[in-house]
Amino acid sequence: MAAELQPVIVVGGGWGGLACAVELSRLGHPVTVLEAAKQLGGRARRVPFNELTVDNGQHVMLGAYQHTLNLLQQLKVPLESALQRDKLALCLQDCHGKSWQLQLPHLLTPLNLFAGLLRARGFTLRDRWHALRFGLKLFTNSFRLDDDPSVAAFLISQRQTRNVIAALWEPICLASLNTPIEEASARIFIRVLHDSFCKSHRDADMIIPRTDLGALLPDPAFDYIEQQGGFVHLSQRVTSLVIRGRHVEGVICEDNKYQAPQVVLAIPPHACQVLIKDHPALHDIAYNLSGFSYHPICTIYLQYPASVQPDRPMQGLLGGTTQWIIDRRMCGQPGLIAAVISGPGPHMHLDNGELTQQVLAELHECFPHWPAVEDVLVIREKRATFSCRSGITAIRPDNASPVKGLWFAGDFTNTGYPATIESAIISGTQTAQRIHHESTAQ
């Protein structure tokens with residue numbers, strides 16, 4: 001008779017922790033999820049806004065998010081009704097009426113990228129020529145980096161023009177790495193571009209959830225875990241680990257103790273560092289985690305009359321504070337606009353009222369025919385992501401730790417990607433599979 005599979009405690013009910021718990025449940029492990037908050041989802045969770053539900057930050061995914069899409073399918077989420085999927089169309093404008101556009105046609109890779117760059121609007125012939133050379137090197141994987149320069153330094157070394165950097169690569173970098181190009185990792189940026197533009201022609205598709213993020217994954221994951229016999233406990237903040245020798249034996253919450261020979265820490269790096277710093281075998285990892293810094297994302301939800309509808313579901317703005325506006329009409333919320341500001345900047349020194357007025361002034365310049373806004377919700381996720389800076393890969397931890405049975409899962413682990421939903425799900429799924437492999441190999 002086969003031995004019973006080991007029980008696992010997953011600390012953290014964000015998307016990485018839920019992906020880990022779902023995969024462990026699928027593989028037959030008894031799972032207990034402990035989440036400190038009153039709801040699941042972590043930094044990708046639902047938030048009430050009057051009679052509506054929105055998200056703690058407007059999220060956009062890509063067709064390259066195969067692990068995310070596979071997990072949603074496993075949870076029987078109806079992808080066609082839950083997600084709005086369109087060919088990539090980057091459309092940006094400034095308050096003076098100048099615009100830039102990159103649209104990928106319905107062609108196979110890499111013809112779609114090359115044709116899109118050739119037809120890109122707002123760029124000179126010289127701009128397009130240097131962008132095409134960059135695209136060819138990207139497709140052939142010809143970049144050779146002996147170190148990890150900043151994205152800004154790398155783009156200059158590749159002779160990208162100021163116009164192409166400002167209206168194409170910098171907006172993509174901020175949106176995907178949430179890190180200014182002056183400090184962002186060129187290695188990680190190249191990988192994001194390569195996986196998005198150089199594999200399948202559908203990988204660059206833009207995917208926007210049509211529902212709030214809680215309904216997209218946390219709710220169906222909760223149901224799946226419990227249907228498989230697992231447990232999900234909210235308002236359970238883990239305060240310490242139980243480690244004897246080099247073996248983990250469980251965790252202690254404020255009021256409860258949970259025992260298991262396998263524990264996954266699927267919480268942000270600063271929270272991990274607090275839990276592990278007093279254990280000698282984990283000092284090196286704790287030291288590295290203390291070296292992480294963080295960047296914010298601000299989302300300002302603006303409720304206009306239902307008649308307000310931008311020309312495109314997603315549009316970029318250059319030259320101001322607001323970077324992207326996203327029409328929530330596709331979510332059944334007509335007139336609701338999400339204005340997104342990624343990364344650090346002077347806007348973080350403004351209070352909510354001042355920030356709202358600045359965003360509204362910028363939108364009025366670009367869309368003077370829009371009527372007055374009716375309601376506003378400002379959400380600041382101050383530690384939305386870790387800074388995906390040059391050299392960050394050297395301090396990102398592996399899923400396994402020196403303590404037997406203790407694991408890390410989340411977008412901060414060494415997935416090779418920035419802090420995205422896809423990175424979190426890759427990490428969580430891989431951690432579950434490694435736990436299962438080690439458990440069954442004993």
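Residues numbered from 1 in each chain as written. Predicted model: local features only at pLDDT ≥ 70, side-chain atom pairs only at ≥ 80, totals over all residues. Heavy atoms only, no water.

### Looking at the packing of helix α4 (residues 111-119) against helix α5 (residues 125-139)
- Where α4 meets α5, the closest approach of the two axes is 9 Å, and the angle between their N-to-C directions is 170°. Taken together, the axis directions place α4 and α5 in an arrangement best described as roughly antiparallel. Residues L113, F114, L117 and L118 of α4 form the contact with α5, whose own contacting residues are R128, A131, L132, G135, L136 and F139.
- Counted by class, the contact of α4 with α5 contains eight nonpolar, one polar and one charged residues. (Axes fitted to C-alpha atoms, helices over the stretch in contact; angles between N-to-C directions. Helix = DSSP H or I, 4+ residues; strand = E, 2+ residues; numbered from the N terminus. Parallel < 35°, antiparallel > 145°, perpendicular 65-115°, else oblique. Contact = heavy atoms within 4.5 Å. Nonpolar A, V, L, I, M, F, W, Y, C, P; charged D, E, K, R; others polar.)

### A word on the sheet that holds strand β2 (residues 31-34)
- Overall, parallel pairing links the five strands, which are arranged β10-β2-β1-β14-β20 in an open sheet. What marks the edges here is a single partner per strand, and that holds for β10 (231-233) and β20 (406-408). Along the sheet, successive strands turn relative to each other by an average axial angle of 20°, direction set aside.
- Relative to strand β14 (residues 262-265), strand β1 (residues 8-11) runs parallel, the two being bridged by four bridges. Looking at the pairing, I9 lines up with V263 of β14.
- Against the sheet, helix α1 (residues 15-27) makes contact with β1, β2 and β14, and its axis sits at roughly 165° relative to β1, the strand it touches most. (Pairing = 2+ DSSP bridges.)

### Describing the side chain of Q315
- With respect to the secondary-structure elements, Q315 resides in strand β16 (residues 314-318).
- Look at Q315 and you get buried, because its relative accessible area is 3%.
- Other than its neighbours up to four places away in sequence, Q315 contacts C91, Q93, Q323, W324, I325 and F367. (Buried < 20%, exposed > 50% of the residue type's maximum accessible area, 1.4 Å probe, protein only.)

### Observations regarding the state of the cysteines
- Tallied over the entire structure, the rule returns zero disulfides.
- C173 supplies the cysteine sulfur nearest to C198, a cysteine that is in no disulfide, at a spacing of 16 Å.
- Using a relative accessible area of 9% as the deciding quantity, one classes C198 as buried.
- We note that C331 lacks a disulfide partner, and the nearest cysteine sulfur, in C91, lies 19 Å from it. (Disulfide = S-S within 2.5 Å.)

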